[in-house]
Structure formats: structure tokens, C-alpha cells
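An overview of the molecular structure
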Amino acid sequence: MWRAAGITATAWVAGAIALRVTLAPAQVCPAVTVDGARDSAYEAAAWIERAQADDGSYLYDWDRETGEPVPGYNSVRHAGVTMSLYQLAAETGDLAPIAPADRGLAWMQERLFQRDGWTAMDVPGEGVKLGGNALLLAGLAQRRLATGDGQHDDLMRAVARFLVVLQGPDGSFSSRWLPETGRPNTERSLYATGEAFWALALMHRLFPGEGWDVPVRAVADYLALHRDEVENTKFPPWADQWAAYGFAEMAPLPGLALSDDHVAYVRSLADRFGFLIRADSQRTDGAWSKLIHGRRARAAGAGTWVEALGSLWRLSQADPRLAGLAPKLAERGACGAGMLRDRQITESEAAGKEHAAILGGAWFTEDRTRMDDQQHALSALIRARELIAAHTGKAND
Amino acid sequence: MTETAQLIAIFIAAVNPAAVALAAGRFEPRTALAGGLGALALLAVAAFAADAFLDALDIEPETFRIAAGVVLLASGAVVIWRARAGALEPEGSPLAQALSPIAFPLLFSPAVAAAALSYGADDGPAKTILAGAIGLILAVAGLALGPGRARPVLDGVARLLGALLVAVAAGLIVEGVRDI
């Protein structure tokens, strides 16, 4: 009898170990402070500025094994990186990032064209994309919030009019405008719809009474009620941090209070991003973890999750229906911020090494860093400060 | 159905009194009761220690639900496939029988342990122990009465409870994935 009990106990222990190494490994959330998150964000911004060329473009992709840049460029990511610098200024009140961001803006301004009362960026080889133009607009909005400077107001309105041209009757957006036909295409983009949502919400915030709330409400309804079905999302909801940005931006605005359907959708986004953080916190760089759980998310991925949690946390402060989510949002956001800070190569770690200027402040995945790794991590960390403060109860170190 | 009633149903499925009755030969009522109390003690320890246990393992309750769900899923699937594990004949002293096999592993099975930890962390030890106690009471009754001529009925009930456990497991796994 005792032998049988002993065998059973051994089987239990073996089963528990199997569960531990597969489904229930430790979730590691490195500690991070408000000041630490800010310092990481600034190191990322410094990387972007150091990696910027004279024409305003940025170092796109770099391989530390070869010590060489990887050919390629992407105007949507260029717009996103530029936006993140303006966002840093808007979030901190520090105007130092404005200069490199303005150089990035100049690169985009050289590629603008006008038609039918609107303005858009047209990049050779890429075309007239919704996403790039939406992030151009979002960046200009962040610049205005940071500086109060209205010199680009007309350009903002013109780009916003372009975005509205791409919007369909159901609130969705086409992903491109086709010069050969003079019409929008019939495809949608997983990311660009949310980008346009956020950019137009920012327009309504900055220019209330100009009618930008109409397309905002239409796309909000599309995202909350139809997008996942219409666009055949495999495991809904699509992890759309730009949608989170958009809902957080619209909620406090007059006339754009969230509907119950919006709130339900936002809750589902919170669940999704919380799960993504939990899952990635269980991954290590070890071979066994990679085999069972997959590779750790790159900063461009994990950064978007923390950006989303930051937006959702702001929503939880603005809308009482979401207030109950605040503690968990803060916990998951702080965990994500801690993971990002822990995985960054700091300037002090890079000091004295070959290519220190490109190593320091960057995040690498399999020896590669891409400019949107720094973009999303920067945006995530600077906005995570309030989540860290809420979670730890400490506003600074 | 209230949350407490749901929890009771979950623990009845996890304990599966019908499968317990089929698996055991007839035990003396006192021995069965002693075994039931032993299993309840183990369940109570698991429920009270759930938070500390998960903290020690650095696992969030939401994540542990997925692991617990897999254990419940496997347990339920085994019962559906083979309702009766095999007749256990009483041997050894009554106290020895009460400790093993009755308390462990017959009544405090992997499914009961996983449920006690997961629901102990989520719903609190009091509700978890109450729900577990009701399942254990039914199981102790089954042990004391033995299957007798109700064997075919118990076989069907055991498999139904196994199917319920599989459904509960699926829900737990989905919750674990979907929650923040």
C-alpha cells in the first residue's frame, strides 16, 4: 500500500515538473522605477538621434554580428519613429527631442503632394499609404501638444482630409490611395486603421468643432463591432495598440464618450495585452524556453503591448466603467516596462565596445535592432511611468 | 446558477463520487469517513496555501488557470474513457487505508488538487473548502455503500461527470488565456 502511494506521489511530482517546464514556468517581471523607465526612454531617443542621417532618415536595421546596416527602409516606421520623438516631448515637456524630430518631419515633407484639397506623403516604391500618413499626422499632433506651435496646422488639416478620403461608409479605412486610378484600394491594414483612428481623434482634440469627431466615431464603431469578423482575425481581438490609443484619446473628448460596445471591446483588448505580457514574462533566452515557449518578443512587439496598456490605463482613469481594471493594467504595464528596461543594452553597458553608439540604448533580437524597436519601447516606457507609479505607489526613485 | 453553486458542481466533477465508488471495494464507513476527513484536510491546506504557493512559483493566478485546466482536462478525459480505474481492495489497518489509498490519491486526486489551488487563489479558501467538502461527502458515501447493483448507473454518472470536468477545464483554460 505504501509502495503504491509512493509510486503515485512520484508520478505527481513528475507531472508537476512537466507542468512547470511547459505551462507554468515562472513569470519574471524585473523591477523598474519611474526614473528608470524615463532613463530607458531617453536612451532610446538618444539612439534614434545618433542614428539619424543628414537627410532626416534613420538607421533602419543593423546587424551587430556583421557590424553593418541591413538594407531597406519603411516610410511608415519612419513616421512612427518621428512621432515617438514628438511624443517624448509632449509627455515630458522637454523640447530637446523636437530638433531631431523636425529633421525626420522634413524627410516626409519632401515627399508630400497635394490633390483635391488634401495632402499626403507618396514614397517611391511604397506608394501613398494610410499608415505612414496617419503617423505623420499623429506626430504633428504630438508636436503641437508639446510646443503649442501652430505652424503646421494647415498641413495637419490637409493630411486629415486625406485620411477621411480613405474611409469607407462602414468606418473602415482602405490601406492605400492608388494614383493610377485616383481612388482608394480595396484592402485594409491591420495596423493603419487604428493609426488613422488615433490621428483623427487627436485632430478632434486639437481642433474641436471642425467635424473630426464624425470619422472618429465611425471608425470606433467599426473597430469595436466589426473589424475582427470583417478582416477574419484568427484569434480575436486583434492586438491593436493603435486602437487603444484611439479610444483613450476619444474618451475624455466632448461628444465622444465611449458606448457600451466600445467599453466591451476595450475590455477585450485589456485581456489580450495582459495575456501577452504574462506569456512573454515566462520566456527566457535559454534554448529550452525557446523550444517550448518560443522566442522572446522583440522590443517593437513588447513595446506595443505596454503602449496599449498605458492607453488602457488612462482610459480606466477617464471612464468609471473601466476603473476596476486599473490595478491589473498597472501591474501588467509595470511588468512589461520592467522587461523592456531589463532587455535594453544601456549606454554604460555599451561603453568601450565596438559600435557603442549603435549598441547603447537599443534592443536587439537575434543580433538585429530595427528603428521601430527603439520607437515602440520609447513610447511604451515614457507612458509607463504612471503605471509604474500606480503599481508601486512610488512617483519617483 | 450562483457562483457558489457553480463551484460545488465543479468540485463534484473533480472528486467524481461515482468514479470513486466504482474504483473502490467496499470500505468500512468509519474508514471511509476518516479518509474523507484526511482528503478534506489536504484540500484545505491547498486552498489556504494557494496564494503563497503561486507567489513562491512566481505565477499569476490567471496563468495557473491554464495549467490547472490541463490537469482537469486530462483527468476528465481519462474518466470518460475508463470510468472505473480498477477495484481497490481494503488492505492494511483502517488508519492506513484511510490515509492511502482513500485520502490520497483516491479522493485528493490531481484534479482535486489543481482545482483547490486554482479556485483557492481565485475565489478564496472558504468557498473552495465548502465546495470541496460537498464533493467529498458524496464520495465518502459512495465508498461506504460500495457500487452494489448500481454499477451500470454509476458508470454512466462517472462518465457524465468526466464530461463536465472536461467542459470546466476548457472554460478554465480559456479564462486563463483571456483574462488580464
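The present account deals with the structure reproduced in this document. (Residues numbered from 1 in each chain as written. Chains lettered and ligands numbered in written order. Predicted model: local features only at pLDDT ≥ 70, side-chain atom pairs only at ≥ 80, totals over all residues. Heavy atoms only, no water.)

With that out of the way, let us pick up the overall build of chain A. Within chain A one finds 17 helices and eight strands. Here chain A has a C-alpha radius of gyration of 22 Å; the compact-globule value for 397 residues is 21 Å, and the two agree. In the form shown here, chain A has an accessible surface area of approximately 16,000 Å², with 53% of it arising from carbon and sulfur atoms. Side-chain charges in chain A split into 41 positive and 50 negative, and the spacing between the mean points of these groups amounts to 5 Å. (Helix = DSSP H or I, 4+ residues; strand = E, 2+ residues; numbered from the N terminus. Rg over C-alpha atoms; globule rule 2.2 N^0.38 Å. Areas by Shrake-Rupley, 256 points an atom, 1.4 Å probe, with all protein chains shown as cover. Lys, Arg positive; Asp, Glu negative; His and termini not counted. Charge placed at Lys NZ, Arg CZ, Asp CG, Glu CD.)

Take the side chain of A:Asn74 next. All names here are of chain A. As for its placement among the helices and strands, Asn-74 is situated in the loop between strand S2 (68-69) and helix H3 (75-92). The class of Asn-74 is buried, set by a relative accessible area of 16%. Of note is the side chain of Asn-74, whose polar atom sits 2.9 Å from the backbone nitrogen of Val-76. Setting aside its immediate chain neighbours within four residues, Asn-74 contacts Tyr-60, Glu-126 and Met-371. (Buried < 20%, exposed > 50% of the residue type's maximum accessible area, 1.4 Å probe, protein only. Polar contact = N/O pair within 3.5 Å; in protein donor to acceptor, adjacent residues only side chain to side chain. Contact = heavy atoms within 4.5 Å.)

Let us now look at the pairing of strand S3 (residues 112-115) of chain A. Here four bridges tie S3(A) to strand S4 (residues 118-121) of chain A, and the two strands are oriented antiparallel to one another. Note that in S4(A) the partner of A:Leu112 across the bridge is A:Met121. (Pairing = 2+ DSSP bridges.)

In this section: the sheet that holds strand S5 (residues 128-129) of chain A. All names here are of chain A. Spatially, the three strands line up as an open sheet ordered S5-S6-S7, and their pairing is antiparallel. Among the strands making up the open sheet, the edge pair consists of S5 and strand S7 (183-184). The pairing of strand S6 (residues 176-178) with S7 spans two bridges and is antiparallel. Bridged to Trp-177 within S7 is Pro-184.

A separate point is the state of the cysteines. All names here are of chain A. Counted under the stated rule, the structure contains one disulfide over all chains. Each sulfur in the disulfide pair Cys-29 and Cys-335 lies 2.0 Å from the other. Taking the sign of the S-S torsion, about -75° here, the bridge from Cys-29 to Cys-335 comes out left-handed. Separated by 306 residues along the polypeptide, Cys-29 in the loop between helix H1 (2-22) and helix H2 (34-50) and Cys-335 in helix H14 (residues 326-343) bring together distant segments of the chain. We classify Cys-29 as partly exposed; its relative accessible area is 40%. Taking relative accessible area as the criterion, Cys-335 reaches 5% and is therefore assigned buried. (Disulfide = S-S within 2.5 Å.)

Our focus in this paragraph is the interface of chain B and chain A. Counting residues at the interface gives 26 residues for chain B and 25 residues for chain A. Across the interface of chain B and chain A, roughly 2,200 Å² is buried in total on both sides, 63% from carbon and sulfur atoms. It is B:Thr63, B:Phe104 and B:Ile180 that lose the most area in chain B upon contact with chain A, and together they represent 31% of the buried surface on that side. Taken together, chain B and chain A are joined by four salt bridges. The residue A:Arg332 makes a salt bridge to B:Glu62 at a minimum N-O spacing of 3.2 Å. (Buried area = accessible area lost by both parts, 1.4 Å probe. Salt bridge = Lys/Arg side-chain N within 4 Å of Asp/Glu carboxyl O.)

Right, let's talk about the packing of helix H7 (residues 192-206) of chain A against helix H10 (residues 241-250) of chain A for a bit. Packed helix pairs are characterised by how far apart their axes lie and by the angle those axes make with each other. Residues and elements named next belong to chain A. Here H7 crosses H10 at 20°, and the two axes come no closer than 7 Å. When the axes of H7 and H10 are compared, the pair comes out roughly parallel. Judged by the sense of rotation from one axis to the other, the crossing of H7 with H10 is left-handed. Within the contact between the two elements, H7 uses Gly-194, Glu-195, Phe-197, Trp-198, Ala-201, Leu-202 and Arg-205 and H10 uses Trp-242, Ala-243, Tyr-245, Gly-246, Phe-247, Glu-249 and Met-250. Of the residues assigned to the contact of H7 with H10, the class counts are nine nonpolar, two polar and three charged. (Axes fitted to C-alpha atoms, helices over the stretch in contact; angles between N-to-C directions. Parallel < 35°, antiparallel > 145°, perpendicular 65-115°, else oblique. Left-handed = near helix turned anticlockwise from the far one by under 90°. Nonpolar A, V, L, I, M, F, W, Y, C, P; charged D, E, K, R; others polar.)

Soluble, globular proteins show a tendency: their nonpolar side chains are buried together. All names here are of chain A. By size, the foremost hydrophobic cluster in this structure holds 125 residues, and its most contacted members are Leu-163, Phe-247, Phe-273, Leu-312, Leu-315 and Leu-340. In terms of residue count, the dominant contributor to this core is H7 (10 residues). Leave out the neighbours within four places in its chain, and Phe-247 touches Phe-197, Ala-220, Ala-224, Leu-258, His-262, Tyr-265, Val-266 and Leu-315. (Core = buried A, V, L, I, M, F, W, Y, C linked by side-chain atoms within 4.5 Å.)

On to the side chain of A:Arg370. Residues and elements named next belong to chain A. Within the element layout of this structure, Arg-370 appears in strand S8 (residues 368-370). Judged by relative accessible area, which is 15%, Arg-370 ranks as buried. Apart from the residues lying within four places of it in its own chain, the contact partners of Arg-370 are Tyr-60, Asp-61, Arg-77, Arg-298 and Ala-300.

What follows deals with helix H17 (residues 371-392) of chain A. The α-helix winds at 3.6 residues per turn, so residues separated by three or four positions along the chain end up facing the same way. Residues and elements named next belong to chain A. A rise of 1.5 Å per residue sets the reference length of H17, with its 22 residues, at 32 Å; its end C-alpha atoms lie 30 Å apart and thus fit the reference within 8%. At Ala-384, H17 is bent by approximately 40°, the largest bend along its length. Positive phi appears at Gly-393, one or two residues downstream of H17, with a value of about 75°. (Expected span 1.5 Å × (residues − 1). Bend = angle between axes of the 7 residues up to and from the residue.)

Residues and elements named next belong to chain A. Here three strands make up an open sheet; going across it, the order is S2-S1-S8 and the pairing antiparallel. Looking at which strands have only one partner, the edges of the open sheet turn out to be S2 and S8. Relative to S2, strand S1 (residues 61-63) is paired through two bridges, and the arrangement is antiparallel. Looking at S2, one finds that Asp-63 is bridged to Glu-68.

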